[in-house]
Amino acid sequence: MKYLKLIRFQNLLILAFMQVLFRYTYLKSATYTNLTPTNNFLSLSTFQFILLVLSTVCIAAAGYVINNIIDQENDEISKPKDRIVGKSISESIAYNIYVTLNIIGVGIGFYLSNAVGKKGLFTIFIFIAALLYIYSTYLKRILIISNITVAFILSFSIIILGVFDLFPATYEGNTIQMRQAFGVLFDYAIFAFIINFIREIIKDIEDTDGDYASGIQTLPILLGETRTAKLVSFLILIPIILLIYYINENLLDYDYVLYYGLLFIVGPLLYCIIKLWSAKTKQDFKHLSLVLKLVLFFGILSIAVVTYSIKNA
């Protein structure tokens, strides 16, 4: 259990589930062609796609490990019960796990890049692995940049599906179809970025004591917890407005999508806005962080609802 906790196994499962969901609901449907009824335009085989998911999970897990190593002092102050490195797992073993996970992730990335005939894509895996290290050692101490970095990395785990499954299979005859499919991935990536960015700020409020002791500059330290909470409540209006606009422009004819969006995404976001004005304790902000995590999960899950509604319209 301590090793699963070190790599935040639950988060990795959600990441893998998200990628599988997108491919086998929306992408399989969006890139299907009647001209070749036994196939579609996706470039990765099932085995290669599994490897892509494994590579993403390994690099993300390595990011969690290095973050736990660097954050030992912070974790001892803000969440001593959750600290792993330096207690149940030695720092040297944690570093070995970190290096091994990166080698596996980047190594698979090298194979996939060559398999799809786009060798330059290999640099993406190196870039993400390096970015996670730089984030843990340097960027997380910089105001706002730390939140943006984490949000970007999560959203890119959606974009990478298009990079490896759509881009290599695009040619003149299917450009419009592939561009539309990639556009939907990009829309979901933007949603994931915004929600995770907001959630990271709420987590900063929860970890204010540890961040202050470690010299990490965050919005709650700069503005105070109360002002930051109120600022976040206004920021939550952004995804609500964008989501309502998106549904109105593209999905208003699909009742299931409308009801799902209002019940599982807009509703919880409105709850967060209200709750943020009275939240004071760490437990309050931990609860709100969990709610936003569920919003992110149900937001990603909506791709299955959207795909089903369009196919059965």
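Everything discussed here concerns the structure shown above.
Below is a summary of the structure that appears in this document. (Residues numbered from 1 in each chain as written. Predicted model: local features only at pLDDT ≥ 70, side-chain atom pairs only at ≥ 80, totals over all residues. Heavy atoms only, no water.)

**Regarding the packing of aromatic side chains**
So the rule is basically this: When the centres of two rings from Phe, Tyr and Trp lie within 6.5 Å, Trp using its six-membered ring, the rings pair. Their planes under 30 degrees apart give stacked, over 60 give edge-to-face, and anything left gives tilted. Only runs of H or I of at least four residues qualify as helices and only runs of E of at least two qualify as strands under DSSP, and these elements are numbered from the N terminus. Relative accessibility thresholds used throughout: buried, under 20% of the residue-type maximum; exposed, over 50%; partly exposed, between the two (1.4 Å probe, protein chains only).
Applying the stated criterion across every chain, the model contains 13 aromatic pairs. With 5.8 Å between their ring centres and 25° between their planes, F17 and F297 make a pair best called stacked. Here F297 lies in helix α14 (residues 282–311) and F17 lies in helix α2 (residues 9–30), a separation of 280 residues in the sequence. A residue is classified by how much of its surface remains accessible, and F17, at 37% relative accessible area, is partly exposed. Every member of this aromatic cluster is reached through a ring pair, and the members are F17, Y260, F264, F297 and F298.

**With respect to the nonpolar core**
Stated precisely, the cut-off is as follows: Definition used in this section: a nonpolar core is a set of buried Ala, Val, Leu, Ile, Met, Phe, Trp, Tyr and Cys residues joined via side-chain atoms within 4.5 Å.
Among the nonpolar cores identified, the biggest contains 100 residues, and F22, I158, F164 and I236 are the most heavily contacted of them. Here the element with the most residues in this core is helix α8 (residues 175–206); it accounts for 15 residues.

**Let's talk about the pattern of salt bridges**
This is how the line gets drawn: The salt bridge definition used is simple: a Lys or Arg side-chain nitrogen within 4 Å of an Asp or Glu carboxyl oxygen.
For the structure shown, the criterion picks out 3 salt bridges. One salt bridge in this structure joins D165 and R23, with 2.6 Å as the shortest N-O distance. One end of the pair, D165, is in helix α7 (residues 145–166); the other, R23, is in helix α2, and 142 residues separate them in sequence. There is no split in this pair, since D165 and R23 are both buried. With a closest N to O distance of 3.4 Å, E200 and K203 form a salt bridge. One end of the pair is E200 and the other is K203, both in helix α8 and 3 residues apart, which spans about a single turn. According to the relative accessible area criterion, K203 is partly exposed, its value standing at 21%.

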